[in-house]
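Chain and residue survey
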Amino acid sequence: MATLENVLKKPLITEKTSVATDNENRFGFVVDLKANKHQIKNAVEKLYDVKVLNVKTNITPGKVKRAGKGVKKTSKFKKAFVQLAEGQKIEFFKGV
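For clarity, every value in this text was computed on a predicted model and none was experimentally measured.

Some thoughts on the overall build of the chain
Scanning the chain from terminus to terminus reveals three helices and six strands. When the helices and strands of the chain are read in sequence order from the N terminus, they spell out α-β-α-β-α-β-β-β-β. The dimensions of the chain, computed from C-alpha atoms along their principal axes, are 50 × 30 × 25 Å. Each of the 96 residues in the chain was classed as buried or not, and the buried ones make up 31%.

Observations concerning the sheet that holds strand β1 (residues 8-11)
If you walk across this open sheet you meet the four strands as β1-β2-β6-β3, and the pairing is antiparallel. Strands at the two margins of the open sheet, each flanked by one partner only, are β1 and β3 (52-60). Pairwise comparison of adjacent strand axes, ignoring direction, gives a mean angle of 30° for this sheet. Relative to strand β6 (residues 77-84), strand β2 (residues 26-31) runs antiparallel, the two being bridged by six bridges. Paired with Arg-26 across the bridge in β6 is Gln-83. Where helix α3 (residues 37-48) meets the sheet, it contacts β1, β2, β3 and β6, and its direction lies at approximately 125° from that of β3.

Rules behind the numbers
Residues numbered from 1 in each chain as written. Predicted model: local features only at pLDDT ≥ 70, side-chain atom pairs only at ≥ 80, totals over all residues. Heavy atoms only, no water. Helix = DSSP H or I, 4+ residues; strand = E, 2+ residues; numbered from the N terminus. Buried < 20%, exposed > 50% of the residue type's maximum accessible area, 1.4 Å probe, protein only. Pairing = 2+ DSSP bridges. Axes fitted to C-alpha atoms, helices over the stretch in contact; angles between N-to-C directions. Contact = heavy atoms within 4.5 Å.

And the structure:
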């Protein structure tokens, strides 16, 4: 879990995070469950070459879903919301 590529799994792109990006310069990521705030901050700063001001994390519990006659539970995941310094941004879709 020491490598930077294992800390960040994928960007979190939803309507709520898009509004937070426009208003507060805050970006969302799905991260590893064992990653702490310092590891997340270092990974974002080194991979995207930006200055991180603060990190907020949230563990979303799994949900119970119906699957035919039985039920299954989805796995839990951890979200991280990273606020960048003024004037900096992350381009997830370059050239699209």
